[in-house]
Amino acid sequence: MNKNEIYIKTGTQYKEMTKALLTQCNLAAQISDTDMQIGIKPNLVSPSEASWGATTHPEIVAGIIEYLQENGYRKIAVLEGSWVGDKTTEAYEVCGYRELSERYQVPFWDMQKDKGIERDCGGVKLNICERVANVDFLINVPVLKGHCQTKITCALKNMKGLIPNTEKRRFHAMGLHNPIAHLNAGIHQDFVVVDNICGDLDFEDGGNPVVMNRVWAGMDPVLIDSYVCQIMHYTTKDVPYIELAEQLGVGSTDLENAHIVFCEETARKELPKSRKVVELQDAVEEVESCSACYGYLIPALEMLKNDGLFEKLDTKICIGQGYRGKTGKLGVGACTCKFEHNVNGCPPTENQIYDFLKQYISDMESAKK
C-alpha cells in the first residue's frame with residue numbers, strides 16, 4: 001500500500017470485512033517486528049453504542065486485533081481518553097470494549113488516568129499522555145462524522161484522545177485548529193482504519209446516524225481528512241487544521257494524485273449533505289468552549305427546534321471559557337455561572353440544557369402576559 005492510496009470496503013460483517021481490508025492492504029508488511037508494541041486508538045468520545053453514530057464499532061477493532069494476532073503480533077493495546085465531562089471507564093463498558101479486551105486478552109489503557117509529558121510538536125509544546133511514548137506502531141481508528149465546531153472529525157482530530165483533560169481544555173483556548181495540527185506533528189499515525197459505518201454527519205456525540213456500512217484504510221491522515229471534506233461537501237479551507245497539518249509535514253492534501261480504491265462497486269456511495277448545525281449555531285455566542293459543552297448544547301437546541309420553541313429564544317446563548325468571571329443574560333456551563341440565567345455543570349448534559357432552556361422560554365412567555 002502507498003501513502004497516496006485509500007481503500008474503501010463495504011459490507012455488514014464488520015469484523016470480517018476489516019480483516020479482509022487489512023489483508024488487501026498487507027498491513028503486516030508495514031510492521032517490521034512482531035515484538036513491536038502496537039497501539040489501537042478508537043474514538044470513544046462518550047458512553048454511547050456505535051449505532052448512535054459517535055463511537056468506533058468494536059467489531060472493527062476486533063477485526064484489527066484478530067488480523068494482528070493471526071500474523072504473530074502479541075503486544076497489542078487499545079488506548080483512548082473520552083472527552084471532558086465523560087469518563088473513559090463508562091465508555092469502555094457501554095461501547096463494548098471491556099468484552100473486547102477480555103475476549104482477546106488485550107489491555108485497555110485509559111488515557112484519562114495517564115499523566116501528561118511535554119513534547120515538542122512541530123515547534124509548539126504540548127502535553128501528551130505518557131504511555132503514548134510506549135507505542136511503536138499506532139493504528140488510528142476514528143469515526144467519520146461531523147463536528148459542531150470543526151465541521152468534520154476523522155483521522156487528525158481523533159488524536160485529541162491521547163492528551164490529558166487539562167490539555168483538551170487548553171486546546172479550545174488556543175483555537176482548536178492550530179493545536180490539532182501541531183499535535184499530529186508530535187504523534188505519528190502509522191496506519192488509519194476509518195469507521196464509516198454510521199457516523200453522525202452533524203454531531204460529534206451522535207444521535208443522527210447515517211448508515212454507510214463502509215470501512216476505509218490508509219496511511220496518510222491528512223489525505224484521509226481531505227477526502228472526508230470532499231465527500232462531506234466541504235473544502236480543506238473550511239477545516240483549517242488539515243492544511244496546517246500539511247504545512248507541518250504530517251501528510252498531503254493532494255487528492256488529484258490520490259488513488260481511491262473501491263473494493264466493491266457498491267462502496268461508491270455518496271454522503272448526503274447535512275447542515276443542521278449551521279442554523280442552530282446562529283443562536284450561540286461561543287468563546288473557547290470545550291467540545292463536550294458545545295457538543296451537548298447543539299443537540300439540545302435541535303430538541304427545542306423540534307418542539308417549536310427554538311424560534312422563541314429572545315437572546316443569544318453564551319458558552320465557553322472566554323466568559324469566566326463575566327456577566328450576561330443567558331449562559332450554559334460553569335464558565336457562565338455569573339450570568340442572570342445559567343445552567344451549571346462542566347459540562348451540563350443535553351437533557352439538562354434542554355430542560356433549562358425550555359423553562360427559560362416558558363418563564364419568558366409568562367412574563368409577557
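Structural data are supplied above this passage.
Residues numbered from 1 in each chain as written. Predicted model: local features only at pLDDT ≥ 70, side-chain atom pairs only at ≥ 80, totals over all residues. Heavy atoms only, no water.

1. Description of the environment of Lys326
Then step 1. Mapped onto the elements, Lys326 comes out in the loop between strand S14 (317–319) and strand S15 (330–332).
Then step 2. Put simply, Lys326 and Lys338 are 12 residues apart on the chain and 6.4 Å apart in space, counted from C-alpha to C-alpha.
Then step 3. Beyond its immediate chain neighbours, meaning those up to four positions away, Lys326 contacts Lys338 and Phe339.
Then step 4. Side-chain polar atoms of Lys326 contact the backbone oxygen of Gly322, separated by 3.4 Å. (Helix = DSSP H or I, 4+ residues; strand = E, 2+ residues; numbered from the N terminus. Contact = heavy atoms within 4.5 Å. Polar contact = N/O pair within 3.5 Å; in protein donor to acceptor, adjacent residues only side chain to side chain.)

2. Quick word on helix H7 (residues 221–231)
Since there are 3.6 residues in each turn of an α-helix, residues three or four apart along the chain are aligned in direction.
Then step 1. For H7, a buried count of 10 out of 11 residues is recorded, marking the element as mostly surrounded by other parts of the structure.
Then step 2. Every buried residue of H7 is listed here: Pro221, Val222, Leu223, Ile224, Asp225, Ser226, Tyr227, Val228, Cys229 and Ile231.
Then step 3. In this fold, the buried residues of H7 make contact with strand S1 (5–10), strand S9 (151–153), strand S10 (191–196), strand S11 (214–218), helix H8 (240–247) and strand S12 (259–262).
Then step 4. Where H7 starts, the residue carrying a side-chain oxygen 2.9 Å from the main-chain nitrogen of Val222 turns out to be Asp220.
Then step 5. One or two positions beyond H7, positive phi appears at His233, with a value near 70°. (Buried < 20%, exposed > 50% of the residue type's maximum accessible area, 1.4 Å probe, protein only.)

3. A closer look at the state of the cysteines
Then step 1. Taken as a whole and judged by the stated rule, the model has zero disulfides.
Then step 2. With no disulfide of its own, Cys25 lies 6.9 Å from the sulfur of Cys263, the closest cysteine sulfur.
Then step 3. Exposure remark for Cys25: the relative accessible area of 2% places this residue in the buried category. (Disulfide = S-S within 2.5 Å.)

4. Digging into the packing of helix H6 (residues 177–186) against H8
Then step 1. Taken N-terminus to C-terminus, the directions of H6 and H8 make an angle of 40°; their axes are 8 Å apart at the nearest point. Taken together, H6 and H8 sit at an angle that is classed as oblique. Crossing of H6 against H8: the hand is right-handed. Within the contact between the two elements, H6 uses His177, Asn178, Ile180 and Ala181 and H8 uses Pro240, Tyr241, Leu244 and Ala245.
Then step 2. In terms of residue class, the contact of H6 with H8 is built from six nonpolar, two polar and no charged. (Axes fitted to C-alpha atoms, helices over the stretch in contact; angles between N-to-C directions. Parallel < 35°, antiparallel > 145°, perpendicular 65-115°, else oblique. Left-handed = near helix turned anticlockwise from the far one by under 90°. Nonpolar A, V, L, I, M, F, W, Y, C, P; charged D, E, K, R; others polar.)

5. Quick notes on the layout of surface pockets
Then step 1. By volume, the largest pocket amounts to about 160 Å³.
Then step 2. Contributing to the lining of the largest pocket are 18 residues, with Cys290, Cys293, Gln321, Cys335 and Cys346 lying nearest its centre.
Then step 3. Among the residues forming the lining of the largest pocket, the class breakdown is 10 nonpolar, five polar and three charged. (1 Å grid on protein atoms, 1.4 Å probe; cavity = no way out; pocket = protein on both sides within 12 Å on 5 of 7 lines; lining within 4 Å. Points joined across faces, edges and corners; volume = space filled by probe spheres on them.)

6. Some details on the pairing of strand S3 (residues 76–80)
Then step 1. In terms of residue burial, S3 counts as a mostly covered element, since five of its five residues are buried.
Then step 2. The alternating pattern of S3 places Ile76, Val78 and Glu80 on one face and Ala77 and Leu79 on the opposite face, and all of these are buried.
Then step 3. Relative to S3, strand S2 (residues 38–42) is paired through three bridges, and the arrangement is parallel. The residue of S3 that forms the bridge with Ile40 is Val78. (Pairing = 2+ DSSP bridges.)

7. Let's talk about the nonpolar core
Then step 1. The biggest cluster of nonpolar side chains holds 49 residues, and the ones touching the most others in it are Leu144, Ile152, Trp216 and Ile224.
Then step 2. Within the residue set of this core, elements represented by two or more residues are S1, S3, strand S6 (124–129), H6, S10, H7 and H8.
Then step 3. Looking at this core, the element that brings in the most residues is H7, giving seven residues.
Then step 4. With 42 residues, the next largest nonpolar core counts Ala62, Val78, Leu100 and Cys198 among its residues. (Core = buried A, V, L, I, M, F, W, Y, C linked by side-chain atoms within 4.5 Å.)

8. As for the packing of aromatic side chains
Then step 1. For the structure on display, the rule yields four aromatic pairs.
Then step 2. Aromatic pair Trp83 and Tyr296: ring centres 5.3 Å apart, planes at 70°, arrangement edge-to-face. Note that Trp83 is positioned in the loop between S3 and helix H3 (88–94) and Tyr296 in helix H10 (residues 291–306), a separation of 213 residues in sequence.
Then step 3. Tyr296 sits in the buried class, given a relative accessible area of 8%.
Then step 4. Summarising the aromatic geometry, the rings of Tyr92 and Phe108 are spaced 4.7 Å apart at their centres and angled 45° between planes, so their arrangement reads as tilted. Within this pair, whereas Tyr92 is found in helix H3, its partner Phe108 is found in strand S4 (residues 108–110), the two being separated by 16 residues in sequence. (Phe/Tyr/Trp six-rings, centres within 6.5 Å; stacked < 30°, edge-to-face > 60°.)

9. Considering the sheet that holds S12
What holds strands together in a sheet is hydrogen bonding between their backbones, with the strands either parallel or antiparallel.
Then step 1. Spatially, the eight strands line up as an open sheet ordered S4-S3-S2-S7-S10-S11-S1-S12, and their pairing is mixed. Where the open sheet ends on each side, the last strands, each with one partner, are S4 and S12. Looking at each pair of strands side by side, their axes are set apart by 20° on average, direction ignored.
Then step 2. Pairing of strand S7 (residues 137–141) with S10 involves two bridges; the strand directions are parallel. In the sheet register, Ile139 faces S10, and the bridge partner there is Phe191.
Then step 3. Taken strand by strand, H7 contacts S1, S10, S11 and S12, and its axis lies near 140° from that of S11.

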